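# Results of the structural survey
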Amino acid sequence: MGTYIVRRVSLALLIIFAAIVGTFFLTRLIPSDPAMLWVGRFASSEQIEKAREQLGLNDAWYVQFVRYVGLLLHGDLGVSTRTHNPVVRELVTRLPASMELIIFGMTFGIVLGIVLGCLSAAKPNSSFDHIARFTSVAGVALPQFWFAMILQLTFGKVLGILPLSGRMDLRLGLYHPVVTRTGFFLFDSFVSGNWIAFQDALLHLILPALTLAAYPIGMSARLMRAKMIEVLGEDYTRTTRAFGIRETRIFLVYSLRNALGPVVTLTAISFVYTLIGTFLIESIFAWPGVGSYTAQAILSNDVPVILAVTLLVAILTVVLNLIADLILIALDPRIRGWEG
Amino acid sequence: MINLTRGLRRILRNPLMVVGLAGISTFMIVAVFGDLIQPYPEDSRGAVHIDEVLLPPSSQNLFGTTALGRDLFSLVVAGSRISLLTAAITASMILAIGVCLGLAAGFIGGWIEEVIMRISDLFLSFPSLLLAMAITAALGPNLRNAMIAVAITWWPSYCRLTRGEVLSLKRREFVESARAIGASPLRLMFRHILPNCFAPIFVAMMLDIGLIILTTSSLSFLGLGAQSPTPEWGLLITTGRTQFLTHWWVTTFPGLALFVVVLSFSLVGEGLREVLDPRMVRRGK
C-alpha cells in the first residue's frame, strides 16, 4: 500500500510539471502578440518594442521558460495584460465571492441528490424512481448558461421575487455597508448583525446557486442510487437481514453508511466541473468572482490570466483526484488488498 | 439472437429509454430534412428583415423572430443539422484517435503503452471545457477549431476504455487459437480484438455524444465556436442575451432544442448502460 501511495503521489507531481510545460507552450501558440495587448491599440512601434523588452519577450524560449517556472515557484503568476495588476492579487480578491457561490450550490446539490438517490433506490423502477432518474439525467444534460437565463426570466422578470444579477443591491452599499472581514458577504453581514444586508446577499445568491446545483444534483443522485442498489444486494446485507434487523434500519444505517463515502468523494471531484461552470454562470449573473473574471480574460485575450487559471485548475484537479483516491483506499479495505 | 430480443424488450420496458429514443429520432429527422421543414430557409443563410425585428411567436413565426428579423424556428431547425454534424465529426475524431491509441497501448504493451497512457493521464487531468477553451483561444475561434479542441480533450477516456477491453480480450482463448494458427498481429488486432470492443465503446459514446454537443455549444456561447451568421444553438443563445429579458423567445427556444437533444442522448446512453451492466441486471431487476 505504501508503494502504491508513493507511486500515486509521484505521478501527480509529474502531471503537474507537465501541466506547467503544457500551459507555457500553449501561450506560444496563441497568435496575438502579448506586447501589443500590453500597451494597447494606439501605441507607437517604439512603445511596443519597449514593452517587448520589458516583458522579456525577446529572450530565447528556454530563458522565458526558466523564468516562468522560477516565478511560479515564488507564487507569482504574472501580471494581467488588461488591468496591469498581479494575477494572484486579482484572483484572491475575487475568490471569496466564487467560494460562497460554490459552497452554497454544491452543498445544496449534493444533499438533495443524495436524498433523491436514496428514495430512488428504496423502490427501484417505481414511478418515483423514473421521475427521479429523469431529473438526475436532466441535471447533467442541462445547458447551464440557458438554465440561468430561464431562472432570471422566471423569478427575476415575470415573478419579480428575486434579484436578476449581482451580489448585492448597490444602494445597500451606501445605506447598510457590509464590514468586509472574510469577503464572504453572508458571513460578514451575519457576524456584524447587519440583517438587511444578510437578507439581500442571500436573495442574490439563490438563483446562481440553483443553476450551479443542477449538475451536482444529477451526479450524486445517479451515483447514490447505483451504489445503494449495489450495497443492498451484497451478501453482508443479506446477513444483517437474516439477523432480523428491521428493513428501515438496514437501509438508513448499514447501507447508507457504506454507500455515502464513495458518493461524496466522487461528487467532490465534480467540484472542478462546477468551478468551470462558474465561468458561464458568473458572467450571466454578473457575479464578481473568479469565473466572470476568467471569462472576461478569455474574451479579451488576457494571456497571463488564462494561463494562470488553466494551471491552477489543473493542479486542483490533480490534487483532488489524489485525495479522492487516497480516501477511497482508506474507506475500502478491498482496494488496499489488491493494489499492493 | 435470444439475447437481442430480450435486450430489446428490456429497452422498451424502460420509459426513460423510450423518451430518449423518441427525442433522438425527432432530432435526426429534423436535422436530415431540415431544408423541407424550414418555412424561411433564406433566414438561416443570413437574410436580414428590418421590418420584422423581434416579433413574438405567432402562426407566421412559430418561435418568433430575432433582433435581425430572422425567423427563429427556421434558425433552430437549421441548427439541428449543425449539431448533428458537429457531434458526428467530433465523435469520429475522438474514436479515431482514442481507439487506435488504446488498441496500440493494450496490444503492444511495453514502453509504448506506458507513454500513451501517461499522455492520456495528462490530458485527463485538465477539465475538458477549460482545456477546450484554451485550445480554441490558441487556434482561433471558429466551429472547426472548437470541434478539434473538443476531440483533443475527449480522446483519452476512449483510449483508456479500449486499452482495458483489449487487455482482457488479449488472453482469451479465441485470440490465442487465432494466434496459434498463424494470424498476423494486425489481423489479430483488427479482426479478432477490435470487433469485440465495440459494445462498451458504443455505450460510452451514446452517453458522451450529448455532452459533446453541449460542450461545443458552450464554446460557441463563449464566442469561441461558431461565428455569425451560422445558426448554431449556443451562438443563437449568446446573441439573444441582450434582448431575452424583454423578448423571452430569443434564448428560450434554441436552448430548449439544445437541452432536449442532450437529454435524449443521455437518457438512451444511461438506459443502454443499465441493460449491459450485469450487476444492474442481477440486482436492479
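Remember, it's a predicted structure, so these values are computed and weren't measured experimentally.

### Section: the overall build of chain A
- A tally of regular secondary structure across chain A gives 15 helices and 0 strands.
- Considered along the principal axes of its C-alpha atoms, chain A spans approximately 85 × 55 × 35 Å.
- Going through the 340 residues of chain A one by one, you find that 36% of them count as buried.
- The contacts of chain A with a sequence gap of at least 6 include a subset with a gap of at least 24, amounting to 71%.

### Looking at the overall build of chain B
- A tally of regular secondary structure across chain B gives 12 helices and 0 strands.
- Going from N to C terminus, chain B has its helices and strands arranged as α-α-α-α-α-α-α-α-α-α-α-α.
- When the backbone C-alpha atoms are referred to their principal axes, chain B occupies close to 75 × 45 × 30 Å.
- The buried share among the 285 residues of chain B stands at 47%.
- Long-range contacts, defined as pairs at least 24 residues apart, comprise 69% of the intrachain contacts of chain B with a sequence gap of at least 6.

### A few points about the packing of helix H9 (residues 185-221) of chain B against helix H11 (residues 249-276) of chain B
Residues and elements named next belong to chain B.
- The N-to-C vectors of H9 and H11 enclose an angle of 160°; their axes lie 9 Å apart at closest approach. Here H9 is positioned roughly antiparallel relative to H11, judged by the angle of their axes. For the crossing formed where H9 meets H11, the hand is left-handed. When H9 is examined against H11, the residues Ala 199, Val 203, Met 206, Leu 207, Ile 209, Gly 210, Ile 213, Leu 214 and Ser 217 are found in contact with a partner set consisting of Leu 258, Val 261, Val 262, Phe 265, Ser 266, Val 268, Gly 269, Glu 270, Leu 272, Arg 273 and Leu 276.

### Some details on the packing of helix H6 (residues 128-139) of chain B against H9(B)
Residue and element names in this part refer to chain B.
- In contact at an axis separation of 11 Å, H6 and H9 are set at 45° when each is read in the N-to-C sense. Classified by the interaxial angle, the pair formed by H6 and H9 is oblique. Considering how the two elements wind past one another, H6 and H9 form a crossing that is right-handed. Judged by residue contacts, Ser 128, Leu 129, Ala 132, Met 133 and Thr 136 of H6 engage Thr 215, Ser 218 and Leu 219 from H9.
- When its residues are assigned to classes, the contact of H6 with H9 shows 4 nonpolar, 4 polar and no charged.

### Description of the interface of chain B and chain A
- Tallying the contact residues gives 39 residues for chain B and 39 residues for chain A.
- When residues of the side of chain B that touches chain A are traced back to their parent elements, those giving at least two are helix H2 (15-32), helix H5 (110-124), H6, H9, H11 and helix H12 (278-284) of chain B.
- Across the side of chain B that touches chain A, the residue classes break down as 23 nonpolar, 11 polar and 5 charged.

### A short note on the nonpolar core
- Judged by nonpolar contacts, the single largest core of 150 residues is most densely connected at A:Ile306, B:Met133 and B:Val262.
- Of the residues forming this core, the biggest block, 21 residues, is contributed by helix H10 (residues 195-232) of chain A.
- Ignoring sequence-local partners within four residues, the contact set of B:Met133 consists of A:Ile298, B:Leu219, B:Leu222 and B:Leu224.

### Brief notes about unusual backbone geometry
- Omega for the peptide link from B:Ser228 to B:Pro229 comes to 5°, which places this bond in the cis form.
- Following the sequence through the fold, B:Pro229 ends up in the loop between H9 and helix H10 (233-240).
- Of note in the backbone geometry, A:His84 takes a positive phi value of approximately 60° without being a glycine.
- Tracing the backbone through its elements, the reader meets A:His84 in the loop between helix H4 (61-73) and helix H5 (87-122).
- Located in the positive-phi region is A:Asn125, a residue other than glycine, with phi close to 65°.
- Following the sequence through the fold, A:Asn125 ends up in the loop between H5 and helix H6 (127-141).

### Some details on the environment of B:Asp208
All names here are of chain B.
- Turning to its location among the elements, Asp 208 is positioned in helix H9.
- Take Asp 208: there are 21 C-beta atoms within 10 Å of it, and that puts it in the buried class.
- Along the sequence, Asp 208 and Arg 6 sit 202 residues apart, while their C-alpha atoms lie 25 Å from each other.

### Overview of H4(A)
- Its 13 residues give H4(A) an end-to-end C-alpha distance of 18 Å, which sits within 8% of 18 Å, the value for a rise of 1.5 Å per residue.
- A small share of H4(A) lies buried, amounting to 1 of its 13 residues.

### Quick look at the environment of B:Gln38
Residues and elements named next belong to chain B.
- Here Gln 38 is to be found in the loop between helix H3 (34-37) and helix H4 (72-108).
- Distance in space between the C-alpha atoms of Gln 38 and Glu 176 is 56 Å, their sequence separation being 138 residues.
- Setting aside residues no more than four positions away along its own chain, Gln 38 makes contact with Ser 44, Ser 74, Val 77 and Ala 78.

### Looking at the environment of B:Ala105
All names here are of chain B.
- By the element assignment, Ala 105 lies in helix H4.
- We classify Ala 105 as buried; it has 25 C-beta atoms within 10 Å.
- In the structure, Ala 105 is positioned 22 residues away from Pro 127 in sequence and 23 Å away in space, judged by C-alpha atoms.
- Residues in contact with Ala 105, not counting those within four places in the same chain, are Ile 112, Glu 113, Ile 116, Met 117, Cys 159 and Arg 163.

### Details of the confidence of the model for chain B
Residue and element names in this part refer to chain B.
- Of the residues in chain B, 95% have a pLDDT of 70 or more, and the chain-wide mean is 87.
- Per-element averaging of pLDDT across chain B places H12 at the bottom with 45 and H4 at the top with 94.
- Note that pLDDT drops below 50 for residues 280-285; the model gives that stretch 8 contacts with residues more than four away or on any other chain.
- Predicted complex, confidence summary: ipTM 0.87, pTM 0.86.

Rules used throughout
Residues numbered from 1 in each chain as written. Chains lettered and ligands numbered in written order. Predicted model: local features only at pLDDT ≥ 70, side-chain atom pairs only at ≥ 80, totals over all residues. Helix = DSSP H or I, 4+ residues; strand = E, 2+ residues; numbered from the N terminus. Buried ≥ 20, exposed ≤ 12 C-beta atoms within 10 Å, placed from the backbone. Contact = placed C-beta atoms within 7 Å. Axes fitted to C-alpha atoms, helices over the stretch in contact; angles between N-to-C directions. Parallel < 35°, antiparallel > 145°, perpendicular 65-115°, else oblique. Left-handed = near helix turned anticlockwise from the far one by under 90°. Nonpolar A, V, L, I, M, F, W, Y, C, P; charged D, E, K, R; others polar. Core = buried A, V, L, I, M, F, W, Y, C linked by C-beta atoms within 7 Å. Expected span 1.5 Å × (residues − 1). pLDDT = per-residue confidence, 0-100.

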